[in-house]
Every structure is written in C-alpha cells, then in structure tokens.
Amino acid sequence: MVEIKNIRTLLAENPFFEGMSGAHLETMAGCGKLVRFKAGEFLLREGEKADTFYLVREGEVAIESHVPAAGPLYVARVGAGGITGYSWLFPPHRNSFDSLALTNVSAVALGGTCLRDKAEADHELGYQLMKRFAQVMLDRLQTTRLRVLDVYANGRTTDAAAS
C-alpha cells in the first residue's frame with residue numbers, strides 16, 4: 001500500500017527543515033504544492049523571475065550557470081532531499097542559476113511571495129529560513145568558486161603547455 005504524505009510531513013522529514021517548529025512547518029506547508037518535471041525540463045531559468053524554491057523528493061537536478069561562448073557551467077547536482085532556488089529571498093527576485101531536471105523529478109514547490117509575506121509577519125520564521133538558506137548559498141558559492149578555479153587552472157595548464 002502506498003502511503004500518501006501531506007506537504008507538512010514532507011517538509012518535516014527533510015534535513016533542511018530539521019529543528020523547525022511544527023507551527024512553522026504548518027505555515028510553510030500552506031505555501032507549497034507537489035510538482036513533477038520530466039528529464040530535460042527546467043525548474044528554474046537564470047535571469048527569470050524568482051518566486052519558487054524546490055525541495056527535491058525524487059530525481060536529480062543540475063544547477064548551472066550560463067557562460068557566454070562556453071555554454072553551461074555545472075555548479076552542483078541536487079538529489080532527493082536537496083534544495084534548489086534561493087533567489088526568491090532577495091530583490092530583484094531573479095534566478096541566479098538554471099536548475100535542469102537530469103531525470104524525472106518530483107518536488108515540493110514553495111511559493112516565494114507567500115513565504116516572504118509569512119516571514120515578514122513572523123520574524124522567527126524569517127530567521128529560521130534565512131539561516132538555512134545562508135548555508136545553501138555558502139555551499140553553492142564554495143562549489144562555484146572551486147569550479148571556476150578548476151576551469152581557470154585547466155585553461156592555464158593548456159596555455160602553458162602550448163607555449
């Protein structure tokens with residue numbers, strides 16, 4: 001028999017929300033819905049309006065940034081339990097990265113405007129969200145920095161070898 005879980009339960013089971021109060025989980029669940037993406041579909045597009053973040057339940061998502069004349073620069077891969085999308089938190093509310101479904105993906109989509117309004121009304125909720133997303137942003141920044149250094153080092157090695 002298949003167990004059907006509500007959004008609050010799905011949030012509570014995710015490590016990203018560990019330690020959040022039941023009341024905050026219930027509040028956030030009111031901003032959520034279940035979504036699916038087929039392999040090759042974008043969850044988020046760099047530069048487009050950011051008003052959603054996704055809690056990946058199943059599947060894999062590539063987080064990438066477009067580099068002119070070079071194509072996508074891989075930043076991270078997110079699987080079950082991972083999060084993609086934090087730009088909904090910060091004006092001008094534009095996505096910083098692409099999020100591409102590498103496989104079929106099921107996720108919980110949480111609405112940014114809804115969450116911002118609720119966080120404004122409950123500053124403890126806002127603090128809890130900001131604390132968690134700050135860690136995600138730090139991890140992505142470090143990963144991106146290493147990727148850029150790797151690209152630079154490989155380019156320098158190639159240039160040095162050619163001289």
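Given the structure is predicted, the values throughout are model-derived calculations rather than measurements.

Notes on the overall build of the chain
Check the secondary structure of the chain and you find four helices and eight strands. What you see in the chain, going N to C, is helices and strands ordered as α-α-β-β-β-β-β-β-β-β-α-α. In terms of principal-axis extent, the alpha carbons of the chain reach across some 65 × 40 × 25 Å. A gap of 1 Å separates the mean positions of the 18 positive and 19 negative side-chain charges of the chain.

Here we look at the state of the cysteines
Following the criterion strictly, the structure yields one disulfide and no others. Residue Cys31 pairs covalently with Cys114 via a disulfide, S to S 2.0 Å. An S-S torsion of about -70° defines the bridge between Cys31 and Cys114 as left-handed. Of the two residues, Cys31 is situated in the loop between α2 (22-29) and β1 (32-37) and Cys114 in helix α3 (residues 112-121); the sequence distance between them amounts to 83 residues. Cys31 sits in the buried class, given a relative accessible area of 9%.

Side note on the sheet that holds strand β5 (residues 71-78)
Spatial strand order, β2-β7-β4-β5: four strands in an open sheet with antiparallel pairing. This sheet does not close on itself; its edge strands, each paired only once, are β2 (42-44) and β5. Mean inter-strand twist for the sheet, computed between neighbouring axes without regard to direction, equals 35°. Here strand β4 (residues 61-67) pairs with β5 via seven bridges, running antiparallel. The residue bridging Val67 from the neighbouring strand is Gly71, located in β5.

Quick look at the side chain of Arg132
For Arg132, the position within the fold is in helix α4 (residues 123-162). Glu124 provides the closest opposite charge to the buried, salt-bridge-free Arg132, at an N-O distance of 7.3 Å. Setting aside residues no more than four positions away along its own chain, Arg132 makes contact with Phe16, Phe17, Glu18, Gly19 and Met20.

Observations concerning the nonpolar core
Residues Leu11, Phe17, Met28, Phe53, Tyr54, Leu110 and Phe133 are the most contacted members of the largest nonpolar core, which totals 39 residues. Counting residues per element, this core draws most heavily on strand β8 (residues 105-111), which supplies five residues. Those residues within four positions of Leu11 in sequence are excluded, and the remaining contacts are Phe17, Leu25, Met28, Ala29, Leu55 and Leu110.

Parameters and conventions
Residues numbered from 1 in each chain as written. Predicted model: local features only at pLDDT ≥ 70, side-chain atom pairs only at ≥ 80, totals over all residues. Heavy atoms only, no water. Helix = DSSP H or I, 4+ residues; strand = E, 2+ residues; numbered from the N terminus. Lys, Arg positive; Asp, Glu negative; His and termini not counted. Charge placed at Lys NZ, Arg CZ, Asp CG, Glu CD. Disulfide = S-S within 2.5 Å. Buried < 20%, exposed > 50% of the residue type's maximum accessible area, 1.4 Å probe, protein only. Pairing = 2+ DSSP bridges. Axes fitted to C-alpha atoms, helices over the stretch in contact; angles between N-to-C directions. Salt bridge = Lys/Arg side-chain N within 4 Å of Asp/Glu carboxyl O. Contact = heavy atoms within 4.5 Å. Core = buried A, V, L, I, M, F, W, Y, C linked by side-chain atoms within 4.5 Å.

Taken by themselves, the reported measurements are silent on function.
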